[in-house]
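Chain and residue survey
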Amino acid sequence: MIDYSSFEKNLSAVRARIVRACECSGRPLDSVTLLPVTKNHPLAAVEYAVRSGMCAVGENRVQEAADKRGSCEARVQWELIGHLQSNKAQNAVAIFDRIQSVDSLKLLRRLDRFAEEQGKSLAIMLQCNTGEDPNKHGFKVAEADSVLEVALGLEHLRVDGLMTIAPLSEDLEVARVAFERLRMLRDALSERFDVALPELSMGMTGDLEVAIAAGSTQIRVGTALYGEREY
Ligand SMILES: *Cc1c(COP(=O)(O)O)cnc(C)c1O
């Protein structure tokens with residue numbers, strides 16, 4: 001694990017990238033938030049994020065997040081960004097403040113049921129596979145309409161917006177297309193259902209500039225902040 005001063009340097013560099021990308025696309029700086037991705041790093045990664053003033057972290061596994069949350073003294077929001085098996089939905093509802101990786105109707109309905117049981121209103125995003133990558137989870141663009149209709153009818157869920165992961169590619173154009181599609185999908189759904197869907201969670205270490213240019217409201221960054229993952 002890197003030390004805190006290296007983390008601060010990395011954070012400054014990432015923030016400078018965000019500033020530049022916002023300037024290039026004429027977007028206000030406060031329209032993009034940075035979600036530090038602490039998966040596969042020790043609890044210290046979460047503590048660094050909190051110490052530097054950030055208020056949420058992204059994790060991709062229920063058990064790992066539960067362990068960290070259990071031993072974390074700082075107050076921070078926990079966001080799930082990795083695929084969730086529906087048999088872990090109950091735990092996930094208990095642990096996470098927001099679940100970005102909702103990718104099936106079955107999961108959607110289970111999350112609503114467990115949110116009701118736990119007396120919560122759970123914030124979610126719908127993960128859409130706008131890059132049409134066979135290796136990625138997420139709804140197809142063509143399904144999004146009917147999925148959102150179901151989601152909006154579930155009383156214990158609050159749909160904040162859409163999330164995507166670009167296909168792994170050397171070519172940033174591939175990511176750009178996936179991000180543009182997510183934004184257009186959000187705009188279309190928002191109009192059709194007359195709901196805000198304010199969040200577009202897209203962009204990571206390698207493609208955050210194209211994501212911001214395409215309208216990302218939240219970039220999820222691990223490697224550029226913490227270095228290579230440890231496990
Ligand atoms: C790991 C992960 C990230 C962070 O990726 P980096 O390339 O390390 O910035 C972002 N989003 C998701 C869904 C991830 O699983």
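Residues numbered from 1 in each chain as written. Predicted model: local features only at pLDDT ≥ 70, side-chain atom pairs only at ≥ 80, totals over all residues. Heavy atoms only, no water.

What to know about the environment of Thr205
Inspection of the secondary structure puts Thr205 in the loop between strand S7 (199-201) and helix H8 (208-214). Between the C-alpha atom of Thr205 and that of Val221, which follows or precedes it by 16 residues, the distance is 5.3 Å. Residues contacting Thr205, with those up to four places away along its chain left out, are Arg17, Arg220, Val221, Gly222, Thr223 and Ala224. A polar contact is formed between the side chain of Thr205 and the backbone nitrogen of Ala224, at a distance of 3.1 Å. (Helix = DSSP H or I, 4+ residues; strand = E, 2+ residues; numbered from the N terminus. Contact = heavy atoms within 4.5 Å. Polar contact = N/O pair within 3.5 Å; in protein donor to acceptor, adjacent residues only side chain to side chain.)

Here's the deal with the UniProt feature "modified residue: N6-(pyridoxal phosphate)lysine" (unreviewed entry) in the chain
Those places that UniProt annotates as "modified residue: N6-(pyridoxal phosphate)lysine" (unreviewed entry) correspond, in this numbering, to Lys39. Not counting the four nearest positions on each side in its chain, Lys39 is found in contact with Gly58, Glu59, Asn60, Glu64, Lys68 and Arg229. (UniProt positions renumbered as here; feature names shortened; annotations may be inferred.)

Quick look at helix H7 (residues 172-193)
Helix length check: H7 (22 residues) gives 31 Å between terminal C-alpha atoms against 32 Å at 1.5 Å per residue, within 8%. Looking only at H7, the buried set comprises Ala175, Ala178, Phe179, Glu180, Leu182, Leu185, Arg186, Leu189 and Ser190. Those residues of H7 that are buried lie in contact with helix H6 (144-152), strand S6 (157-163), S7 and H8. Between the side-chain oxygen of the N-cap and the backbone nitrogen of Glu173 there are 3.0 Å, and the N-cap of H7 in question is Asp171. Taken from the residues just after H7, Asp194 is the one with a positive phi, measuring 55 degrees. (Expected span 1.5 Å × (residues − 1). Buried < 20%, exposed > 50% of the residue type's maximum accessible area, 1.4 Å probe, protein only.)

Details of the packing of aromatic side chains
Aromatic ring pairs are reported here in terms of the distance separating the ring centres and the angle at which the planes meet. Enumeration over the complete set of coordinates arrives at 4 aromatic pairs. Taken together, a centroid distance of 5.3 Å and an interplanar angle of 75 degrees make the contact between Tyr4 and Tyr48 edge-to-face. Taken as a pair, Tyr4 in helix H1 (residues 4-24) and Tyr48 in helix H2 (residues 43-51) lie far apart in primary sequence, 44 residues in all. Judged by its relative accessible area of 11%, Tyr4 is buried. With a centroid separation of 5.2 Å and 20 degrees between ring planes, the pair formed by Phe7 and Tyr226 is classed as stacked. Taken together, the positions of Phe7 in helix H1 and Tyr226 in helix H9 (residues 223-226) put the pair 219 residues apart, joining distant regions of the chain. For Phe7, a relative accessible area of 0% puts it in the buried group. Take Tyr226: its relative accessible area is 2%, and that puts it in the buried class. Taken together, Tyr4, Phe7, Tyr48 and Tyr226 form an aromatic cluster joined through their ring pairs. Over the ring of Tyr4 we find Arg51, and its NZ or CZ is 3.7 Å from the ring centre. (Phe/Tyr/Trp six-rings, centres within 6.5 Å; stacked < 30°, edge-to-face > 60°. Lys NZ or Arg CZ within 6 Å of the ring centre and 35° of its normal.)

A few points about the pairing of strand S5 (residues 122-127)
For S5, a buried count of 6 out of 6 residues is recorded, marking the element as mostly surrounded by other parts of the structure. The two faces of S5 match: Leu122, Ile124 and Leu126 on one face and Ala123, Met125 and Gln127 on the other face are all buried. Across 3 bridges, strand S4 (residues 98-102) lies against S5 in parallel orientation. Residue pairing for S5: Ile99 is matched across the bridge by Ile124. Regarding the hand of the β-α-β motif, the stretch spanning S4, helix H5 (residues 105-117) and S5 is right-handed. Relative to S6, S5 runs parallel, the two being bridged by 6 bridges. Bridged to Gln127 within S6 is Met163. Handedness of the crossover joining S5 and S6 through H6 is recorded here as right-handed. (Pairing = 2+ DSSP bridges. Right-handed = clockwise from strand over helix to strand, strands pointing away.)

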